[in-house]
Amino acid sequence: MPLELSAGEFRALAARVVDLAAAHLDSLGERPIMPPGSGADTVATFGGGIPEVGLGPQALDDLALVAAHARAGSGGFFGYVLGSGEPVAALGDLYASILNQVVTAWRSAPSAVTIERALVSSIADAIGCTGFSGSLTSGGSAANLMALAMARGDEARPGAVVYASDEVHMSIQKALALLGLGRAALRRVPVDDAFRISVEALETMIAEDRAAGLTPFAIVASAGTIVTGAIDPLARLADVAAANELWLHVDGAYGAPAALVHPEWFEGVDRADSVSLDAHKWLYQPVDLSMLLYRDPAAARRAFSMTDDYAASASDDPVEGFAFFDESLELSRRFRALKLWLSLRYHGLGAFREAIANDLAHARLLAELVEAEPELELVAPVELSAVCFRAKGGRNAEILQTVNRAGRVYLSNATVRGEFALRACFVNHRTTDADVHAVVSEVLQASAGGFA
Ligand SMILES: *Cc1c(COP(=O)(O)O)cnc(C)c1O
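Counting starts from 1 at the beginning of each chain's written sequence and moves along it residue by residue. Only residues with pLDDT of at least 70 are given local features in this predicted model, and only at 80 or more are side-chain atom pairs given and counted; all residues enter the totals for whole chains, interfaces and linings. Side-chain measures were taken over the full set of non-hydrogen atoms in the model, leaving aside hydrogen atoms and water.

## What to know about the environment of P374
At step 1: If you trace the backbone, P374 turns up in the loop between α14 (349-371) and β8 (376-378).
At step 2: Buried residues are those whose accessible area, probed at 1.4 Å on protein chains only, stays under 20% of the maximum for their type, while exposed residues exceed 50% and partly exposed ones sit between those limits. Owing to a relative accessible area of 60%, P374 belongs among the exposed residues under this scheme.
At step 3: When the C-alpha atoms of P374 and A391 are compared, they prove to be 9.2 Å apart, with 17 residues separating the residues in sequence. Runs of E in the DSSP output that reach at least two residues are strands. Runs of H or I that reach at least four are helices, and both are numbered from the N terminus.

Dropping the structure here:
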């Protein structure tokens, strides 16, 4: 089978894929969220080699089998922080791959670069960071790494340290390790009863570290934390950062989209130096799509530009001379913006506000149902859309396994104050009130039913 296809062949293949995709969406409600089958089963099914001679259209025959062994993104999926995969965006991904732009610089990809820059600036504006620019990344981990690279600048700093709450996402420590600062460069600050960073403890630690000869360079605020959704007090952290001349990065990978509905929870976010936001979480986009927003593009160029002369000579025009590679870790980049651009234009920002408000309401509904149930209890306040709870009788690890294996809803586990908890996170536009009620009934049933 030669690599080149005729337009007619492509159309026929695409029609089959679209049919399969539509059938998959149509059947989400009936699919078990966790597919049956062991690791050995999947290796036996998918672990085979690559044919020397192509199968042609027959190669598509096994796509339905791939779906049968995939986790279904139905309304009962509440694991991790995983967006539900908005289908118009998926069409944008397909089209982006066909256009196959390499989104390095305007001169390589005029429409893609312009759409990405406009989109990033519109999202920044929508979450209260008017005037910020930035770029799309594969995930919050990459965005956080870039933010800390910018915070550090390009000089080596002996004894460089960064402050974040004890509830900070692991990607921050990973970024510090990758930047050559070592895992110990993360200084973990205690949290209050609502899992927000203690600003007093932070100030004391900064002063003590300075006195001990260390070099603080950044504060990472969580908005919200991955486990319980706590939002650190951003305005107070901005004060501390300003008083100590530290970079303030807000890790909003999970929570930042909630600013579309409740900007007051994020007061002070406009004073951050950088903000990360995962569109593949609470903007419901198919993986992968995240972004790093920052106030000062010169800081990004200081960290990432190796080619100032070359870029400057290409064009003096601010649009035509722009290159993402001067402000990003990445060089070859795909047209990530198209899916979100298409999805937002199709549905309108108002539809996203409504979906986020629904997720917040579903989290509150679950919290109420848990509190009304004598056998269950919340183990953390519900700040955003993550609900951490447990069965009082214990055996919550077994309950989790039983619930997930039953396939009606999918929960994850969380460690809250050192204890095992069940966690439901609502970033799912398909969820109905019935799905929320099912969380409680499934957990109660698993807890009563024994663990055969
Ligand atoms: C998910 C998450 C990350 C990491 O993002 P990825 O897109 O998974 O790389 C970082 N911080 C927080 C708070 C998150 O929720």
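## Remarks on the pairing of strand β7 (residues 290-294)
At step 1: Of all 5 residues making up β7, 5 are buried, and the element is well covered by its neighbours.
At step 2: Residue alternation in β7 divides its side chains into two sets, S290, L292 and Y294 and M291 and L293, and both sets are buried.
At step 3: In short, DSSP must find at least two bridges between two strands for them to pair. One ladder, built from 5 bridges, connects strand β1 (residues 133-137) with β7; its direction is antiparallel. Each residue of the ladder has a partner; that of G134, found in β7, is L293.

## Examining the nonpolar core
At step 1: As used in this record, nonpolar core signifies buried Ala, Val, Leu, Ile, Met, Phe, Trp, Tyr and Cys residues forming a set joined through side-chain atoms within 4.5 Å. Counting 68 residues, the largest nonpolar core has I219, V275 and W282 as its most contacted members.
At step 2: Residues are treated as being in contact if the distance between any of their heavy atoms lies within 4.5 Å. In contact with I219, not counting residues within four places along its chain, are Y163, L202, I206, L237, V240, A241, L246, W247, L248 and H249.
At step 3: Ranked by size, the runner-up nonpolar core spans 29 residues in total, among them L145, M150, L186 and F304.

## Some remarks on unusual backbone geometry
At step 1: A cis amide bond, omega -10°, links A223 with the succeeding residue G224.
At step 2: With respect to the helices and strands, the residue G224 is situated in the loop between β4 (215-222) and α9 (234-244).
At step 3: A cis amide bond links V287 with the next residue in sequence, D288, at an omega value of 0°.
At step 4: Its location among the elements puts D288 in the loop between α10 (279-282) and β7.
At step 5: The backbone of Y284 shows a phi angle near 65°, a positive value even though the residue is not glycine.
At step 6: Residue placement: Y284 occurs in the loop between α10 and β7.

## Section: the packing of aromatic side chains
At step 1: Stacked, tilted and edge-to-face are the three classes applied to pairs of Phe, Tyr and Trp rings, where Trp contributes its six-membered ring and a pair requires centres within 6.5 Å; stacked means planes under 30 degrees apart, edge-to-face means over 60, and tilted covers the rest. Inspection of every chain in the model, using the stated rule, returns 7 aromatic pairs.
At step 2: On the numbers, 4.9 Å between centres and 90° between planes, the contact of F322 with F324 is edge-to-face. Across the pair, F324 and F322 agree in class, each one buried.
At step 3: What links up through ring pairs into an aromatic cluster is the set F77, Y80 and Y410.
At step 4: A ring is scored as having a charge over it whenever the NZ atom of a lysine or the CZ atom of an arginine sits within 6 Å of its centre and within 35 degrees of its normal. A cation sits over an aromatic face here: R71 above Y410, 5.5 Å from the ring centre.
At step 5: If you follow R333 out to its NZ or CZ, it ends over the ring of F324, 4.3 Å from the centre.

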